[in-house]
Each structure stands twice: as C-alpha cells, then as structure tokens.
Amino acid sequence: MPSRRSTRKPTAASSAAASTTSSTVPIVKKEVAPDPARVSPTPSSDSTAPVVRGENESYNDFVMRKRQRNADHMAALGLLDAVHSIKSTIHADKKRKAVQRGATKAARAKSEPVEKRRSGRLSGVQVEPGFYVQSERNGKFAVAGALAEEEAKGNGNYDGRVNDGDDIDFGEFYYDFSDGENEDDVDEDEKEHSAKSKKQTTSILNTIRKSKPKSFAPTASALCDHFSTLRVDSELQVAKVTPERLYSMAMAPVDNKIIVASGDKWGNIGLWDTSIDPTSEDCVNAGVVKSKPHTSVVTHLEFNRTGGKMLSVSYDCTVRELDLETQKYSQVFATYGTEAVCDKFKDRHGYGVDGGVGFFTQYGCYDRRSDDCVFLTTSFGTVIHYDRRVGVTFHEPLCHRKLNCFSQHPTDENVFAVGGLAREVKLFDLRKFNKGSEKRALGKIERKPTVTQTYDGSVNSCFFSPSGSQLLTTCMKDCLTLTPFSTLKKGSGEVSPAQIISHNNQTGRYLSVFMARWHPTIDIFTVGCMKQPRQIEIFGEMKSGGKYEKKAAIKGDYVTAVCSRNVFHPKLAAIAGGNSSGRVTIAR
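Remember, it's a predicted structure, so these values are computed and weren't measured experimentally.

How each quantity is defined
Residues numbered from 1 in each chain as written. Predicted model: local features only at pLDDT ≥ 70, side-chain atom pairs only at ≥ 80, totals over all residues. Heavy atoms only, no water. Helix = DSSP H or I, 4+ residues; strand = E, 2+ residues; numbered from the N terminus. Buried < 20%, exposed > 50% of the residue type's maximum accessible area, 1.4 Å probe, protein only. Contact = heavy atoms within 4.5 Å. Areas by Shrake-Rupley, 256 points an atom, 1.4 Å probe, with all protein chains shown as cover. Expected span 1.5 Å × (residues − 1). Phe/Tyr/Trp six-rings, centres within 6.5 Å; stacked < 30°, edge-to-face > 60°. Lys NZ or Arg CZ within 6 Å of the ring centre and 35° of its normal. Pairing = 2+ DSSP bridges.

(A) Main features of the overall build of the protein. Scanning the protein from terminus to terminus reveals eight helices and 32 strands. Going through the 588 residues of the protein one by one, you find that 45% of them count as buried. In the protein, the proportion of contacts linking residues at least 24 apart, taken out of those at least 6 apart, comes to 54%. For the protein, the computed accessible surface area is about 32,700 Å², with 51% contributed by carbon and sulfur atoms.

(B) Layout of helix α2 (residues 59-77). Its 19 residues place the ends of α2 27 Å apart at the C-alpha level, agreeing with the 27 Å of an ideal helix rising 1.5 Å per residue. Of the residues flanking the end of α2, it is Gly78, one or two places downstream, whose phi is positive at about 85°.

(C) Summary view of the packing of aromatic side chains. Counted according to the given criterion, the structure contains 22 aromatic pairs. Note on Phe170 and Tyr329: the rings are 6.1 Å apart at their centroids and 10° apart in plane angle, and the pair reads as stacked. Pair noted here: Phe170 is in the loop between β3 (168-169) and α5 (188-210) and Tyr329 is in strand β12 (residues 328-334), with a separation of 159 residues, a long-range link. Note on Tyr329: relative accessible area 0%, which makes it buried. Within the aromatic cluster, the residues linked to one another by ring pairs are Phe375, Phe394, Phe406, Phe416, Phe428 and Phe433. Geometry around Tyr336 places Arg161 over its ring, the cationic atom sitting 5.1 Å from the centre. One cation-aromatic arrangement involves Arg517 over Phe463; the distance from NZ or CZ to the ring centre is 4.2 Å.

(D) Structural view of unusual backbone geometry. The omega torsion across Gln532 and Pro533 is -5°, close enough to zero to call that bond cis. Note that Pro533 resides in the loop between β27 (525-527) and β28 (536-541). Positive phi outside glycine occurs at Cys317, with the angle close to 65°. When you line up the elements, Cys317 lands in the loop between β10 (309-314) and β11 (318-323). The phi dihedral of Arg423 is positive, around 65°, even though this residue is not glycine. Inspection of the secondary structure puts Arg423 in the loop between β18 (415-420) and β19 (424-429). Overall, Arg423 belongs to the partly exposed group, its relative accessible area being 43%.

(E) Structural detail: the pairing of strand β15 (residues 382-387). The buried fraction of β15 is high, at six of six residues. Where burial is concerned, the two faces of β15 agree: the one with Thr382, Ile384 and Tyr386 and the one with Val383, His385 and Asp387 are both buried. Bridging between strand β14 (residues 370-378) and β15 involves five bridges; their strand directions are antiparallel. What sits directly across from Leu376, in β15, is Ile384. Where β14 folds back on β15, the antiparallel hairpin that results is connected by three residues, among which Gly381 adopts a positive phi of roughly 80°. Sheet topology note: the β15/strand β16 (residues 391-397) ladder contains six bridges and is antiparallel.

What follows is the structure in structure tokens.
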C-alpha cells in the first residue's frame, strides 16, 4: 500500500532546520525566557499596517487596541471632527427649539406635594359631603365622594365666569392695575411695560377699525400656485399668541397688514400684528397683545361685516363682542339656569336656557342676515338663535348629542347645516322655526331635517363654500367629504357625499381636532396635517371633473408642530396655522 504524502509545502524555517541537521555543526538548544502573562506586539509607526494579535494577548484587548489604532488614524486625517460637525448640525435641525417670541404662560407658584385622597371611611375621619375626581384615564374620569348640597363658590361669579355680564377692558387682567394694587408698589419696569403694552394694543385695534379693505378677487388656481411656492424658514414668521392650546383663529380684514386673533383653552384671546418691528423700542412681546374675556375654551372668533367688532364664543356659555374703538368686551348673550342662585338674572334674555349639568355652548357665529343676531350650538344637541333686540327667537333640539359646528348657506340664508357626535350632518330650513320652540327644547323633541348625511365617525365640522356650491365635512373616520349643494337641495332623506378624500384626522388627546375651513371669498380650503415633515395643506378644484385635490403643502424649518387650526387672510394672499402650544405660523 503506497504511503500517504503530505501536501504541505516546505517553509523557509523547515528547510533551514533540515540543512542544519544534515551538517556537522552540533545543535545547541536555545534558552527561552518565561513569557509574560500578556504580550502585545510593539505598535507599528505605520497606521495602515495590519494589527497582529499578540501570542498571549486576550481577544478583548486585541479588539480594543485595534479600535484605538483606527480612531487615532481617523483623528490624524481630520475625519472625526468632520463627523462631529455633521452630527451636531443634524441634531440641531431635528431638535429645533420652539419659538419663544410672543405670549408666555403665567408663572405657576410652587406648591408642596399633595397627599393622595383616601376614603374617609377607611381613614376613620368624618368628612363633609362633596365629590372629587379620583382618577383620569383616556379622557374618562372616576369620581368619588358624595354630592355636596351647596354649589362651589369658585370666583364668586355665576358658573365661575370672569364676571356676571359687565364690560371687560381688553388688557384688564394683564397690564391694568385694577385689582386694588397700589401703583406705588409696582416696579418702574412693570409700569413702563404696561404703558408700552397699552400703546401697542391701541395701535393694533385702531389699525383694524380704521382700515378700508379693498376688493380681493384672484382666481383659485393663481392663489393655489402662490401658496405652493411658500415656506416658513424664518423665526419672524412664528410667534406664541396665546398661553395655552389654540382652539380658534380669525384674520382681521385689513388689506395692508396681517393681524391674527387666536383663542385658547382657558379663555385667553391674543392678537398678533406681524408688521410690528420686533427690534423697535416700542415693541412688546414681538407684537403680541392678549386679553382674557372668558374662563373656558374659546371655540370661535369672527370679525363682523365692517371689521369694527369681533365676536367670541366660549364653553363658559357666554358670547362677547370686542369693540375695537372702546377696547372693551361687552356681553352679547349668556345662559342661566332657573335655580335660586339665578334669580338675579331673571330679566336677562338667557335666563332658563341653561339645561343643567353638562350643558355648554359649543359653537357660534354671526347670522348672515344681521350682525345683531347670533347662532349657537350646545352640548345637548340644540341650536339657539339670539337677536339682541328681542331676545331668544328659537331654541330647537336638532340632535340627541353635542353639535360641533354650524354653517349658514351664503346665498340661500334660510338653509343651515349642523354636525356633531351623532355622526350625522343635517340640513334645516329656518322658515320652519318659530319663537315657541323653547317648549320643544324642554321636551327634547327633535325637529326633522330636510336632508341627512350619515358618517362612520363623529363630525368635527361642516361648512358651505363661499359660493355655496359645496358642503365640506371633516370626519373622525379619516376623511374629508364634499357634496354639491344642488344635490342636497334636490334630495330628501339620506344623501351620500359626492367626493371622499382620505385624510388622517387622528389628532389624539392633546391636539385640537382638525376642522377644514374655506377661504372667505374663494372656493379653496385648508386643513391641518399629521404628516412628517409638518405642513399646512391647501386643496383646490381640479381642472376638470369638479373634484378637489391637494394643491399645496406649506412646509419649512419653523413648521415644527401640527397646525390643527388654519385660516386664510380675507384680503391678502396669506395663511395662518395655529398649534396646540398657542403658536401661530404665518406664510405669505
């Protein structure tokens, strides 16, 4: 059997050993020194040379030494500095701080931690009757305790309102010394700030009042093309207009300036004049002035036909109107109950309208037929029409759940639409309503609509277009719908939308819901957007087919949050978006 040959090639060392063995020179055994515990080869001066692991070197030490050699090599080439520079730039873009210009939240006094409430029975303590919120989760409250016999005193006014119907100066709660404070005790800097704020407020309100707006009639396509080129890349385009979450917006009808009004969660209303130079000595809070005529959510702001007054509607069941000349809020309307505490309000038009626990005014607006009249929707599904000359003309139950919106047709002013939590949009004819309808409201006998549209989710808003040709609806079932008014007018019973646009409307708990709004005079509309990067979307009519599509998405480095509320300027090619931190973004 042939022997198996090795396939290994002879090395230089083996050849040398063979030649030494074959010679006559005697073999001398070389003494080997004891190896250290770990031996690392001497580092090479050439950083590109391969790193060799020492004979007794651990693998972990070898990897760490190799990484250090690579880091030293990159540092010598200057690559580490370049990497750090790029990372810091990217980090700054992603974590851009919110703009702090404008209004700020009031400082909150520090308080000691409050011990968790416990049952009086378990604690062995005799407690007075009363109830409290034990826990809150997903918008649901767990209430514990017993109902108190007496109503909470609050601030001494009915239902915790700012006052019981008296006029309110625009800046009364911010820079007037009207709370019994001695002016001698006020710091000089505060006095100077107060004087500047009053001067700035007067300038802004007079600008709106004295403005003579010119006609504004660009085509819808031209306006959409203009908005498609806009960006928000300057800090001067953003300001904090209200201290808390923004719920309503309106643009003053001024043809040479952009003045935005915003209402927030706790009844604050701010005005921002974007034309004021922030570097001027007379500028206060970047051109932002604020007031507090309400104590709860301001759901709607609207300037009247002449632009000399501004209507504000709130959850606190009050409707106020700001006179830009006198700089005072007057109470237009307020609701009251029939309990003993309301006896002093018996002579007021809103006496007996309040339906009790859970009742509040949700939305309101001027009557297109007269600025002396307003429409209001309530949490009980009723609609109130109030004429300040004669009082409540009707109070009708139109739905069994809260109505989120109201829209009166611009040309056929006897027709209006409402929508809300019942997942329906309903159309009604005002000519069928009458003054004796309060009995229907008390009996909760719902009036039958002329047309109904049913949705799979609650309806945030429904508004007629400026021309009256379309009804635009925003639904929590992630869609925007459009229905021609000609279809609604001819139809009866159930009418389906003509166009459904898929749109993510899931704003969650901490953002104001989306409400798609039309331009005041042109048939284009805007709506908030949940997409990244943050943007304000604008929709216009397609060239053919009568359908609507997205025409523009305004983005920029300073559009850093979801703009839940958006509004067009009535006289300029400009748009404003408001977010849930009270900041307003302007694009023009």
